[in-house]
Amino acid sequence: MIKIIIPVRCFTCNKPVGHLWEDYKKRTTAGEDAGNVMDQLGLKRYCCRQLFLGHVDLLKEVSAFKP
Ligand SMILES: [Zn+2]
């Protein structure tokens, strides 16, 4: 039901992050603080965290470059 719609790896540092998305989504929708969840998932770098935090906006930006 929940598809992995973020990149499998972080664009910037190449850390695999795709498998963390479901857990992140589950926990944040359950009311956990997004920052704490990312800390516990090992997302320490801002480049990875912005993938999770800003990923909807990022998709919008990317689609702006498509014909
Ligand atoms: Zn990264």
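That block above? That's the structure.
Novice: Just to check I follow, could you spell out the overall build of the chain for this structure?
Specialist: Counting secondary structure elements, the chain contains four helices and zero strands. Element order for the chain, N to C, with α for helix and β for strand: α-α-α-α. In the chain, which comprises 67 residues, the share counted as buried stands at 28%. Sequence-distant contacts in the chain: of pairs separated by 6 or more residues, those separated by 24 or more amount to 40%. Surface summary for the chain: the accessible area is close to 4,900 Å², and the carbon and sulfur share equals 57%.

Novice: What exactly am I supposed to notice about the nonpolar core here?
Specialist: Generally speaking, a soluble globular protein has its nonpolar side chains buried in company with each other. One finds Val17, Tyr24, Leu41, Leu43, Cys48 and Phe52 to be the most contacted residues of the largest nonpolar core, which totals 14 residues. Listing elements by their share of this core, those giving two or more residues are α1 (21-29), α2 (34-41) and α3 (46-53). The biggest single contributor to this core is α3, with four residues. Filtering out sequence-adjacent residues up to four positions away, Tyr24 remains in contact with Ala34, Val37, Met38, Leu41, Phe52 and Leu53.

Novice: Explain the environment of Cys10 here, please?
Specialist: Looking at the element boundaries, Cys10 is found in the segment before α1. Exposure remark for Cys10: the relative accessible area of 2% places this residue in the buried category. Between the C-alpha atom of Cys10 and that of Phe52, which follows or precedes it by 42 residues, the distance is 10.0 Å. Excluding residues within four positions of it along the chain, Cys10 makes contact with Lys15, Val17, Cys47, Cys48 and Leu51.

Novice: Looking at this model, I keep getting lost on the pattern of salt bridges. Mind explaining?
Specialist: A side chain with one charge can pair with a side chain of the opposite charge if their charged atoms come near. Under the criterion given, the structure shown has three salt bridges. Of the charged contacts, one joins Asp23 and Arg27 as a salt bridge, the two residues approaching to 3.8 Å between their closest N and O atoms. With Asp23 and Arg27 both in helix α1, this residue pair falls four residues apart, about one helical turn. Measuring nitrogen to oxygen at the nearest pair gives 3.1 Å for the salt bridge that ties Glu32 to Arg27.

Thresholds applied
Residues numbered from 1 in each chain as written. Predicted model: local features only at pLDDT ≥ 70, side-chain atom pairs only at ≥ 80, totals over all residues. Heavy atoms only, no water. Helix = DSSP H or I, 4+ residues; strand = E, 2+ residues; numbered from the N terminus. Buried < 20%, exposed > 50% of the residue type's maximum accessible area, 1.4 Å probe, protein only. Contact = heavy atoms within 4.5 Å. Areas by Shrake-Rupley, 256 points an atom, 1.4 Å probe, with all protein chains shown as cover. Core = buried A, V, L, I, M, F, W, Y, C linked by side-chain atoms within 4.5 Å. Salt bridge = Lys/Arg side-chain N within 4 Å of Asp/Glu carboxyl O.

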